[in-house]
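# Commentary on secondary and tertiary structure
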Amino acid sequence: MTTQKVLNFGPGPAKIPEPVLKKAQDELLNYNNTGMSIMELSHRSKDFENLINKTQKDLRTLLDIPNNYTILFMQGGGHTQFSAVVYNLLAAKKRKQFDNNSMEGEFNPPLDYIVTGSWSAKAAAEAKKLYNNVNIVLDVKKLRGSYGSIPPREEWKLSGSNAAYVYYCDNETVNGVEFNYVPEIDPSVPLVCDMSSNILSRKVDISKFSLIYAGAQKNIGPAGVTIVIVREDLLNRLEISDSKLPAIPSMLDYKVMAENNSLYNTPPMFSIYVASLVFEWLLENGGIKEIEKINSIKAAKLYDCINKSKIYKSPVEENVRSRMNVPFRIQPEELENEFLKGANELGMLQLKGHRSVGGIRASIYNAVPLEAVETLIQYMQEFERKHSQ
Ligand code: PMP
């Protein structure tokens with residue numbers, strides 16, 4: 001098969017733009033006239049160094065990342081960042097307190113977690129494993145019985161300037177909940193954001209964040225590399241080596257990664273290479289501005305179909321519906337298997353909802369074209385007609 005004939009609505013690993021896959025295929029045996037594939041080159045070679053620098057430069061252009069932020073290519077996926085954040089930002093907080101001569105008493109600042117879905121819940125649980133003072137600012141499931149909304153600010157319990165950081169997940173991949181604003185917090189407290197499933201889908205003001213991270217396997221490329229965008233002042237810190245938290249393991253250490261231009265150890269070269277092709281593809285197609293327009297149309301059409309339907313129901317409040325992951329239920333739920341089976345037969349794949357919530361989920365990342373969403377909508381409408389007679 002030389003072209004892809006299926007429509008891939010996978011939540012991650014997800015669709016990669018076809019021109020990117022073709023280019024990778026063309027260059028597979030001979031990268032940049034080196035006579036070998038990118039996977040066989042030394043990570044210390046000039047070719048790879050050029051690639052890593054260009055990948056950073058293109059990402060900086062795409063997201064308009066200010067110069068006082070460093071871009072890192074790390075490993076271990078989003079899950080590893082759940083703990084890397086704790087280690088690095090506590091050490092940064094300690095440095096800040098030390099510099100401000102406010103080190104009296106026990107060092108035990110709270111870590112603030114805003115929990116709006118299963119990924120931020122998992123990040124908070126990981127932080128609790130490592131540290132004894134995690135403050136849950138908001139737990140939507142506890143407050144409302146299920147995820148699907150972002151309650152107003154009056155219900156949040158932020159710790160204020162004392163916190164080492166405030167953490168949230170911009171787009172909850174499983175639950176389909178996306179922030180449509182950046183939370184306002186005490187300006188002296190670092191804001192940390194998991195953008196694994198919506199990075200590069202729309203414009204963001206990077207300067208509002210101290211740290212952003214994103215696993216690759218949605219809008220960036222193949223799993224294996226995790227992108228971290230960190231404000232440089234956070235690399236200045238004091239290592240904590242006491243019973244509360246051990247010294248930062250080198251592979252989790254943003255400073256070590258920054259000092260080595262992400263070449264501290266052998267990086268996931270192929271993943272970085274494909275990410276670079278995805279960034280080029282985005283730039284050639286008008287950058288974030290253009291992709292954001294298409295993403296808005298895709299999501300609006302799909303939600304419109306759900307809103308007008310009598311059998312499809314979104315579990316998410318309208319103002320926080322994700323433009324990347326669209327979960328829905330079918331009523332009656334017994335129809336869901338038939339829906340998935342019919343979709344599969346038509347080549348519409350990976351539409352099953354996450355195992356923890358069930359139902360259907362259409363992930364419509366950057367690489368999923370508008371036509372694919374329109375085909376899905378057509379199928380949904382036909383399925384509904386068939387079942388409402
Ligand atoms: N955060 C979000 C928002 C995610 O969607 C995921 C994975 N789907 C993760 C974190 C965990 O990523 P990984 O599987 O790369 O560890």
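Residues numbered from 1 in each chain as written. Predicted model: local features only at pLDDT ≥ 70, side-chain atom pairs only at ≥ 80, totals over all residues. Heavy atoms only, no water.

In the annotation of an unreviewed UniProt entry, the chain is listed under the name phosphoserine transaminase and assigned to Diversispora epigaea. UniProt's Pathway (unreviewed entry) comment on the chain is quoted here verbatim: "Amino-acid biosynthesis; L-serine biosynthesis; L-serine from 3-phospho-D-glycerate: step 2/3." (UniProt positions renumbered as here; feature names shortened; annotations may be inferred.)

## Here's the deal with the pairing of strand E10 (residues 226–231)
By the criterion of burial, E10 is predominantly enclosed, with five of the six residues buried. By the bridge criterion, six bridges tie strand E2 (residues 69–74) to E10 in an arrangement that is antiparallel. If you follow Thr 70 over to E10, its bridge partner there is Val 230. (Buried < 20%, exposed > 50% of the residue type's maximum accessible area, 1.4 Å probe, protein only. Helix = DSSP H or I, 4+ residues; strand = E, 2+ residues; numbered from the N terminus. Pairing = 2+ DSSP bridges.)

## Overview of the sheet that holds strand E11 (residues 312–313)
The three strands lie next to each other as E11-E12-E14, forming an open sheet whose pairing is antiparallel. Each edge of the sheet is formed by a strand with only one pairing partner; in this case those strands are E11 and strand E14 (360–363). Note that E11 and strand E12 (residues 325–330) share two bridges and pair antiparallel. In the strand pairing of E12, Lys 313 is matched with Arg 329.

## What to know about the site of the ligand
Close contacts around the ligand come from 13 residues, with His 79, Thr 173, Asp 194, Gln 217 and Lys 218 the closest. For the ligand, a nitrogen atom lies 2.9 Å from a polar atom in the side chain of Lys 218. Coverage of the ligand by the protein chains reaches 86% of its 400 Å² of free accessible surface. The biggest single contributor to the shell around the ligand is helix H3 (residues 77–99), with four residues. (Near = heavy atom within 4 Å. Polar contact = N/O pair within 3.5 Å; in protein donor to acceptor, adjacent residues only side chain to side chain. Areas by Shrake-Rupley, 256 points an atom, 1.4 Å probe, with all protein chains shown as cover.)

## Looking at the domain arrangement of the chain
Structurally, the chain comprises domain 1 (25–283) and domain 2 (287–388). Each side of the interface is counted separately: domain 1 has 25 residues, and domain 2 has 23 residues. For the pairing of domain 1 and domain 2, the buried interface totals around 2000 Å² over both sides, and the portion due to carbon and sulfur atoms is 53%. Where domain 1 meets domain 2, there are one salt bridge. Residue Arg 323 pairs with Glu 178 through a salt bridge whose shortest N-O separation is 3.5 Å. Counting across the interface, domain 1 meets domain 2 through 13 residue pairs in polar contact (both at pLDDT 80 or more). Elements with a contribution of two residues or more to the side of domain 1 that touches domain 2: helix H2 (46–63), strand E7 (177–178) and helix H7 (269–284). (Domains from an automatic or database assignment. Contact = heavy atoms within 4.5 Å. Buried area = accessible area lost by both parts, 1.4 Å probe. Salt bridge = Lys/Arg side-chain N within 4 Å of Asp/Glu carboxyl O.)

## Looking at the pairing of strand E8 (residues 191–194)
Side-chain alternation along E8 places Leu 191 and Cys 193 on one buried face and Val 192 and Asp 194 on a second face that is also buried. Taken together, the four bridges between strand E5 (residues 165–169) and E8 define a ladder with parallel strand orientation. By the bridge assignment, Tyr 167 is partnered in E8 with Val 192.

## Considerations on H2
Taking 1.5 Å per residue as the helical rise, H2 with its 18 residues ought to reach 26 Å, and the 26 Å between its terminal C-alpha atoms agrees with that figure. The set of residues buried in H2 consists of Phe 48, Leu 51, Ile 52, Thr 55, Gln 56, Asp 58, Leu 59, Leu 62 and Leu 63. Relative to the axis of H2, the buried residues are bounded by an arc of 165 degrees and lie together on one face. In H2, the exposed positions that point more than 90 degrees away from the buried face belong to Lys 46, Lys 57 and Thr 61. For H2, the elements touching its buried residues are E2, E10, H7 and helix H8 (287–308). At the exit of H2 stands Asp 64, carrying a positive phi of roughly 55 degrees. (Expected span 1.5 Å × (residues − 1). Arc of directions from axis to C-beta.)

## Re unusual backbone geometry
Note the cis peptide between Gly 12 and Pro 13, where omega equals 0 degrees. In this fold, Pro 13 is placed in the loop between strand E1 (7–8) and helix H1 (18–27). Put simply, Gln 331 and Pro 332 share a cis peptide bond, and its omega is 0 degrees. In this fold, Pro 332 is placed in the loop between E12 and helix H9 (335–345). One non-glycine residue with positive phi stands out, namely Leu 200, at about 70 degrees. By relative accessible area, Leu 200 is classed as buried at 1%. Of note, the phi angle at Ser 262 is positive, near 60 degrees, even though the residue is not glycine. Tracing the backbone through its elements, the reader meets Ser 262 in the loop between helix H6 (254–259) and H7. On the basis of relative accessible area, Ser 262 is assigned to the buried category, the value being 2%.

## Things to note about the sheet that holds E8
Sheet strands pair by backbone hydrogen bonding; their relative direction is either parallel or antiparallel. Spatial ordering of the open sheet is given by E2-E10-E9-E8-E5-E3-E4, a layout of seven strands whose pairing is mixed. Every interior strand has two partners, whereas the edge strands, E2 and strand E4 (134–139), have only one. Neighbour-to-neighbour, the strand axes of this sheet turn through a mean angle of 15 degrees, independent of strand direction. Sheet topology places E8 next to strand E9 (residues 211–215); three bridges connect them, and they run parallel. Considered in E9, the bridge of Asp 194 is made with Tyr 213. On top of the sheet, H2 reaches E2 and E10; it is set at about 125 degrees to E2, its chief contact. The sheet contacts of helix H4 (residues 118–130) involve strand E3 (111–115), E4 and E5, and relative to E3 the element is tilted by about 155 degrees. (Axes fitted to C-alpha atoms, helices over the stretch in contact; angles between N-to-C directions.)

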